[in-house]
Amino acid sequence: MLDVLDVLAKTILKKKPRKLRKRAAKASARRSKPLGRPVTKLKAKPKTQMGRGPVKRQDFERILSLFELQSPLILSFQRLLARRQQHSFGLHGVACVGTEAHLSLCSLEFYRANDTIRCPGGAPAVVSCVPSPLYAASSGQKKQQSKPQGEARVRLKGGAHPGEGRVEVLKAGTWGTVCDRKWDLQAASVVCRELGFGSAREALSGARMGQGMGAIHLSEVRCSGQELSLWKCPHKNITAEDCSHSQDAGVRCNLPYTGVETKIRLSGGRSRHEGRVEVQTGGPGSFRWGLICGDGWGTLEAMVACRQLGLGYANHGLQETWYWDSGNITEVVMSGVRCTGTELSLDQCAHHGTHVTCKRTGSRFTAGVICSETASDLLLHSALVQETAYIEDRPLHMLYCAAEENCLASSARSANWPYGHRRLLRFSSQIHNLGRADFRPKAGRHSWVWHECHGHYHSMDIFTHYDILTPNGTKVAEGHKASFCLEDTECQEDVSKRYECANFGEQGITVGCWDLYRHDIDCQWIDITDVKPGNYILQVVINPNFEVAESDFTNNAMKCNCKYDGHRIWVHNCHIGDAFSEEANRRFERYPGQTSNQII
């Protein structure tokens, strides 16, 4: 280190003008004597002497003065020089394979008690850590996403906690899963490190993090644990016959300790998974616990609270908690909480800050949660929408029940009933539950609404939204579908049906089953009577109001390109919202539209 300082000092002495050196000498004379030597004025030396031999202490002190006149970096140099002789080495050598969860699991070589020289010719080991995008975003740092070589990327889906989930990789602009054949801890550790976490704690097989849908990109992945990307490991490209989604691979990664779970707790519940939410506020020496205003508290906020607590997903987000005892905590310290559902803690959500405003006062109207380690995950079969879409001109006299349930455009109210017709874009929708818990309506049977015209109950007012959008996102037509019958239409081979609507039966969708809304039933359409010919986007969103908690809301939307010429419609390029890469989604949004009906 002194050699480096020598070179630096000589360079500075050569280049500083005479006037600056005189000022430095005066400043040096006013300094105390940190090195125990008398301070003398700086005298110019012949050029032949500059840059030769080691720098003396007196010259080095003058160098420090020059630095003080132009840069605060001198403080860092002083600290570095002062600490040079203060290192206390505990380890002589460390040898890691690269898959260890902690440094103590590596092969360590300790110094012996009689060693007189430690780390000869070496220096303290230094590391530079790059936070995962998840933690970089949560700490306010600018998210920097490195672009791996090639077109491969990786993500986790369906996990109840950060750093766990089903492994999905990007290939040719489309996300797909990984088959669990030969899946082991080394391959899982490569995934965890690629995502910015630690090594893998567990390699999961058998779709324990839920089944994916669509392509399966990789199989028989064999990693040594040293690779920077999963795509660098030897693997096998497979076809649909080689593997099924019941064999999707997953991981659980080792995570850094953040301590966010110490700033939140639940009280009054029947178990540790439910209760009124209490958060810690204030600074050091003035910490206090308080409640959260229930105004606007919903499923997304409850998801963040359960994640921060380490309790998995949210079953319910409650705005009234009068039935839970709050103990001696009655003060509301947080209000206006609005979350996207991806935050690590409630502090990262938008809220009113120190200015607490609550419309309904009192501890009975404070926020509460019911958490669960499992949740449902609904996904629309996009290919079926594309295959079944067509236009029907339906007479008004056949649409009275649909009008009663508000399934037609607003212009239908001024139509000449029962004469005329409405033009409807019809299609089938097949909704799969790929999560780890059954999808159940938010309301129980006692509160379902009976519709006399159609002769059935509605367990959810709005189950899906149907929209026709212009390429810039403007809505030109819309529709909705109430959940008049959530049931298991079909299931996978090893799954039995549990829900059936007949005889006022229980409604829901079992894990591994799907509910089919055929194109020929009422309200399974969009009224496009007033839509002009052109190129549009067809969008279908399941559970749009987040009434029922799911493990993942990013895959609830489906989009298609469509061309309408005033008589016929062509629907193509249908996909789930998170099935494409960011670049592929941008191309979809910028799609100029079809000039003919020749869709390739």
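From a predicted model like this one, the values you see are computed outputs, not experimental measurements. Residue numbers restart at each chain and count upward from 1, following the sequence in its written direction. For a predicted model such as this one, the threshold for reporting local features is a pLDDT of at least 70, and the threshold for listing and counting side-chain atom pairs is 80 or more; totals across whole chains, interfaces and linings nevertheless cover every residue. In computing side-chain values, all of the structure's heavy atoms are included and hydrogens and water are not.

## Focus: the sheet that holds strand E24 (residues 490-491)
Hydrogen bonds between backbone atoms are what pair the strands of a sheet, whose relative direction is either parallel or antiparallel. Strand order in the open sheet made by the four strands is E16-E19-E25-E24, with antiparallel pairing throughout. Each of the sheet's edge strands pairs with one partner strand only, and the pair in question is strand E16 (378-380) and E24. When E16 meets strand E19 (residues 429-433), the two strands line up antiparallel, connected through three bridges. If you follow Leu379 over to E19, its bridge partner there is His432. At least two bridges found by DSSP between two strands is the condition for calling them paired. Helix and strand definitions here come from DSSP, where helices need a minimum of 4 consecutive H or I residues and strands a minimum of 2 consecutive E residues; each element is numbered from the N-terminal end.

## A closer look at the pattern of salt bridges
A pairing counts as a salt bridge when a side-chain nitrogen of Lys or Arg comes within 4 Å of a carboxyl oxygen of Asp or Glu. If you walk through the whole model with that rule in mind, you get 27 salt bridges. In this structure, Glu220 and Lys182 form a salt bridge, with 3.9 Å as the shortest nitrogen-oxygen distance. Linking Glu220 in the loop between strand E7 (216-219) and strand E8 (236-237) with Lys182 in the loop between strand E5 (174-178) and helix H6 (185-194), this pair joins segments that are 38 residues apart in sequence. Throughout, exposure labels follow a simple rule: accessible area from a 1.4 Å probe, protein chains only, divided by the maximum for the residue type, with under 20% read as buried, over 50% as exposed, and the rest as partly exposed. Accessibility expressed as a relative area gives 25% for Glu220, which makes it partly exposed. Take Lys182: its relative accessible area is 47%, and that puts it in the partly exposed class. One salt bridge in this structure joins Arg518 and Asp520, with 3.1 Å as the shortest N-O distance. One network of salt bridges, in which partners are shared, links Arg155, Lys157, Arg166, Glu168, Asp552 and Asp578.

## Section: the state of the cysteines
Note: disulfide means a covalent bond formed between the sulfur atoms of two cysteine side chains. Two cysteine sulfurs form what is called a disulfide whenever their separation falls within 2.5 Å. In total, this model carries 11 disulfides according to the counting rule given. The disulfide partner of Cys339 is Cys349, and the gap between their sulfur atoms is 2.1 Å. Judged by the sign of its S-S torsion, about 105 degrees, the cystine formed by Cys339 and Cys349 is right-handed. Taken together, the residues span a long stretch of sequence, with Cys339 in the loop between strand E14 (332-334) and strand E15 (368-372) and Cys349 in the loop between E14 and E15 at a distance of 10 residues. Residue Cys339 shares its accessibility class with Cys349, and that shared class is buried. With no disulfide of its own, Cys562 lies 7.6 Å from the sulfur of Cys560, the closest cysteine sulfur. Judged by relative accessible area, which is 2%, Cys562 ranks as buried.

## Description of the sheet that holds strand E17 (residues 390-395)
Read from one edge of the open sheet, three strands run E17-E18-E26, paired in antiparallel fashion. Among the strands making up the open sheet, the edge pair consists of E17 and strand E26 (525-527). Recorded for the sheet is a direction-independent mean angle of 35 degrees between the axes of neighbouring strands. Bridging between E17 and strand E18 (residues 421-426) involves six bridges; their strand directions are antiparallel. Looking across to E18, one finds that Glu392 is bridged to Leu424. Under this scheme, a helix contributes an axis fitted over its contacting stretch, all axes are lines through C-alpha atoms, and angles between N-to-C directions fall in the 0 to 180 degree range.

## Quick notes on H6
Owing to its 3.6 residues per turn, the α-helix aligns residues three or four sequence positions apart on the same side. Among the residues of H6, those classed as buried are Ala187, Ala188, Ser189, Val190, Val191 and Cys192. On the buried face of H6, the contacting elements are strand E3 (154-157), strand E4 (164-171), strand E6 (200-204) and strand E9 (250-253). The contact rule is simple, with two residues in contact once any of their heavy atoms fall within 4.5 Å.

## Some points on unusual backbone geometry
Phi is mostly negative for residues that are not glycine, and the peptide bonds are mostly trans. The amide bond that connects Trp417 to the next residue, Pro418, takes the cis arrangement and shows omega of 0 degrees. Summarising the element assignment, Pro418 is placed in the loop between helix H9 (400-404) and E18. The phi angle at Phe546 is positive, at roughly 55 degrees, despite the residue not being glycine. Under the relative-accessibility criterion, Phe546 is labelled partly exposed at 31%. Despite not being glycine, Asn573 shows a phi value in the positive range, around 60 degrees. With respect to the helices and strands, Asn573 occurs in strand E29 (residues 569-576).

## A closer look at the side chain of His217
Relative to the assigned elements, His217 resides in strand E7. Engagement of the side chain of His217 in a polar contact is seen with the backbone oxygen of Thr174, the distance being 3.0 Å. Of the polar contacts made by the side chain of His217, one reaches the backbone nitrogen of Gly176; its length is 3.4 Å. The contact partners of His217, leaving out residues within four places of it in the chain, are Val169, Lys171, Thr174, Trp175, Gly176, Thr177, Lys236, Asn237 and Ile238. Throughout this description, a polar contact denotes any pair of N or O atoms lying within 3.5 Å of each other; where both atoms belong to protein, one of them has to be capable of donating a hydrogen while the other can accept it, and for residues adjacent in sequence the pair is counted only when both atoms sit in side chains.

## Re the packing of aromatic side chains
For Phe, Tyr and Trp, where Trp contributes only its six-membered ring, two rings pair if their centres lie within 6.5 Å, and the inter-plane angle classes them as stacked under 30 degrees, edge-to-face over 60, or tilted in between. Per the counting criterion, the structure on display carries seven aromatic pairs. On the basis of an interplanar angle of 75 degrees and a centroid distance of 5.2 Å, the ring pair of Phe427 and Tyr466 is categorised as edge-to-face. Taken as a pair, Phe427 in the loop between E18 and E19 and Tyr466 in strand E22 (residues 460-469) lie far apart in primary sequence, 39 residues in all. Across the pair, exposure class does not vary: Phe427 and Tyr466 are buried alike. Each member of the aromatic cluster is reached from another via a ring pair, and the members are Trp322, Tyr323 and Trp324. A cation over a ring is seen here: Arg265 above Trp289, with NZ or CZ 4.0 Å from the ring centre. A ring is scored as having a charge over it whenever the NZ atom of a lysine or the CZ atom of an arginine sits within 6 Å of its centre and within 35 degrees of its normal.

## Examining the environment of Met213
Along the chain, Met213 falls in the loop between E6 and E7. Classification of Met213 by relative accessible area gives partly exposed; the value is 31%. Spatially, the C-alpha atom of Met213 lies 8.8 Å from that of His381, the residues being 168 residues apart in sequence. In this structure, Met213 is in contact with His245, Leu379, His381, His432 and Leu434, ignoring residues within four places of it in sequence.

## Quick look at the environment of Ala549
On the secondary structure map, Ala549 appears in the loop between strand E27 (534-542) and strand E28 (557-564). We classify Ala549 as buried; its relative accessible area is 9%. Spatially, the C-alpha atoms of Ala549 and Gly298 are 9.7 Å apart, while their sequence positions differ by 251 residues. Apart from residues no more than four positions distant in its own chain, Ala549 is found in contact with Thr299, Ala314, Asn315 and Ser376.

## Details of a nonpolar patch on the surface
Taken together, Leu91, Val94, Leu103, Leu108 and Phe110 make up a surface patch of nonpolar side chains, about 430 Å² in accessible area. Elements represented by at least two residues in the nonpolar patch include exactly strand E1 (91-95) and strand E2 (107-110). Positionally, Leu103 belongs in the loop between E1 and E2. The patches described consist of residues with a relative accessible area above 30% and no salt bridge, like charges being joined within 9 Å and nonpolar side chains (Val, Leu, Ile, Met, Phe, Trp, Tyr) within 5 Å. Here the accessible surface of atoms and residues is derived via Shrake-Rupley with a 1.4 Å probe, and residues count as covered only by protein chains that are part of the display.

## With respect to the pairing of E7
When E5 meets E7, the two strands line up parallel, connected through two bridges. Residue pairing across strands places Val178 opposite Leu218, the latter belonging to E7. Across two bridges, the pairing between E7 and E8 is antiparallel. Paired with Ser219 across the bridge in E8 is Lys236.

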